[in-house]
Amino acid sequence: MKNQIYQQLCTARNQQKKSFAVLIDPDKTDNQQLEKIIVLGKKAQVDYWFVGGSLIVSNYLEQIVLELKAKSNIPVVLFPGSPSQVTPRADALLYLSLISGRNPELLIGQHVLSAQTVKKSGLEILPTGYMIIDGGAPTTVSYISNAAPIPSNKNEIARCTALAGEMLGMKLIYMDAGSGAQNPIPLEMIQDVATQITVPLIVGGGITTPAKAVENCKAGANLIVVGNAIEKDPGLITEISAAIKDSSSL
Ligand code: 1GP
């Protein structure tokens, strides 16, 4: 079983080094935009490309993964909204179980249906406890998942969910306010979860500025994911990456 990316995430966590992933939604990225993002991402030494979306209607996912692999050495990690978004061309797969919800399909059902394909893909599998936190308004992920998000003021629910996920064997915890969330996850909630778990913590959803990314890192996030804001202004890659790298030394 491959575990290179996981080892990298754990080492970074142990060294208190913060990481940055740029999320690419194949429905929202054309060739020109992708080119720009690749050039900026390489220059800014982005740690990971995340590729996926809660709902993808186009057919470009594989093409985008191939392009990213051909033009950069940055690992490509799939962040799939459904098993149809799994391609062996990537490096790793966030094997997400929606532990904040009570929709059995997203806890285990889809995994059973796609288990053999996923195993054969040869991808590095990253078992991830995925938690959706209320970001102030319904997002695609909260609608599509058909599961209630964790209220943003209920730190204890987030804490207990993350702890349960880790004790069930999840190797990563991903707290997500959803793509384009009105409000990112409250810092106190990130802090509460981060101090309880011993696996790397991914945080995303509604992070739009370098300052917000840094606050999240200080609160205990190990890996910051930004999608929407970069779609609107790819130049943010440079600023956010620099801010995250600087925050590692604080
Ligand atoms: C969404 O965490 C990601 O699943 C990123 O969110 O697009 O709001 O940056 P944004």
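See above for the structure.
Residues numbered from 1 in each chain as written. Predicted model: local features only at pLDDT ≥ 70, side-chain atom pairs only at ≥ 80, totals over all residues. Heavy atoms only, no water.

Turning our attention to the site of the ligand. Every one of the 13 residues lining the ligand counts as a neighbour, but Asp-176, Ser-179, Gly-180, Gly-227 and Asn-228 are closest to it. Gly-205 places a main-chain nitrogen or oxygen 3.2 Å from an oxygen atom of the ligand. At 2.8 Å, a backbone N or O of Gly-206 approaches an oxygen atom of the ligand. Taking 310 Å² as the accessible area of the ligand by itself, protein coverage stands at 97%. Of the residues in the shell around the ligand, the class split is 4 nonpolar, 8 polar and 1 charged. (Near = heavy atom within 4 Å. Polar contact = N/O pair within 3.5 Å; in protein donor to acceptor, adjacent residues only side chain to side chain. Areas by Shrake-Rupley, 256 points an atom, 1.4 Å probe, with all protein chains shown as cover. Nonpolar A, V, L, I, M, F, W, Y, C, P; charged D, E, K, R; others polar.)

Let us look at the packing of helix α2 (residues 31-43) against helix α3 (residues 61-71). Packing of α2 against α3 brings their axes to within 11 Å, and their N-to-C directions diverge by 35 degrees. You can see that α2 and α3 cross each other, and the crossing is right-handed. Contacts between α2 and α3 involve Asn-31, Leu-34, Glu-35, Ile-38 and Lys-42 from the first element and Gln-63, Ile-64, Glu-67, Leu-68 and Lys-71 from the second. Of the residues in the contact of α2 with α3, the class split is 4 nonpolar, 2 polar and 4 charged. (Axes fitted to C-alpha atoms, helices over the stretch in contact; angles between N-to-C directions. Helix = DSSP H or I, 4+ residues; strand = E, 2+ residues; numbered from the N terminus. Left-handed = near helix turned anticlockwise from the far one by under 90°. Contact = heavy atoms within 4.5 Å.)

Our focus in this paragraph is helix α6 (residues 155-167). It helps to recall that an α-helix has 3.6 residues per turn; residues three or four apart then point in one direction. With 13 residues, α6 extends 18 Å between its outermost C-alpha atoms, agreeing within 8% with the 18 Å of an ideal straight helix rising 1.5 Å per residue. Taken together, the buried positions of α6 are occupied by Asn-155, Ala-158, Thr-161, Ala-162, Gly-165 and Glu-166. Along α6, the residues classed as buried sweep out an arc of 135 degrees about the axis, all on the same side. Of the residues trailing α6, Gly-169 is marked for its positive phi of about 110 degrees. (Expected span 1.5 Å × (residues − 1). Buried < 20%, exposed > 50% of the residue type's maximum accessible area, 1.4 Å probe, protein only. Arc of directions from axis to C-beta.)

Before going further, it helps to examine the packing of helix α7 (residues 187-194) against helix α8 (residues 210-219). Their axes nearest at 8 Å, the elements α7 and α8 cross at an angle of 35 degrees. Here Leu-187, Ile-190, Gln-191 and Ala-194 of α7 lie close against α8, whose contacting residues are Glu-215, Asn-216 and Ala-219. Here the residues of the contact of α7 with α8 are counted per class, giving 4 nonpolar, 2 polar and 1 charged.

Relative to the elements of secondary structure, Ser-248 occurs in helix α10 (residues 236-248). When its relative accessible area of 18% is taken as the criterion, Ser-248 is described as buried. Sequence-distant contacts of Ser-248, defined by excluding residues within four places in its chain, comprise Gln-16, Lys-17 and Lys-18.

The next subject is the pattern of salt bridges. Tallying each qualifying case throughout the model produces 7 salt bridges. Measuring nitrogen to oxygen at the nearest pair gives 3.9 Å for the salt bridge that ties Lys-245 to Asp-47. With Lys-245 in helix α10 and Asp-47 in the loop between α2 and β2 (48-51), the pair connects residues that are 198 residues apart, well separated along the chain. Judged by its relative accessible area of 31%, Lys-245 is partly exposed. Between Lys-69 and Asp-91 there is a salt bridge whose closest N-O contact spans 2.8 Å. Highlighted residues: Lys-69 in helix α3 and Asp-91 in the loop between β3 (76-78) and β4 (92-98), separated in sequence by 22 residues. In this structure Lys-69 comes out as partly exposed when scored by relative accessible area, which is 35%. According to the relative accessible area criterion, Asp-91 is partly exposed, its value standing at 21%. What you see here is one network of salt bridges that share partners, running through Glu-35, Glu-67 and Lys-71. (Salt bridge = Lys/Arg side-chain N within 4 Å of Asp/Glu carboxyl O.)

So, about unusual backbone geometry. The backbone of Gln-16 sits at a positive phi, close to 55 degrees, despite the residue not being glycine. Topologically, Gln-16 is positioned in the loop between α1 (4-14) and β1 (19-24). The class for Gln-16 is exposed, based on a relative accessible area of 55%. Phi at Gln-45 takes a positive value of approximately 50 degrees, unusual for a residue other than glycine. Here Gln-45 is to be found in the loop between α2 and β2.

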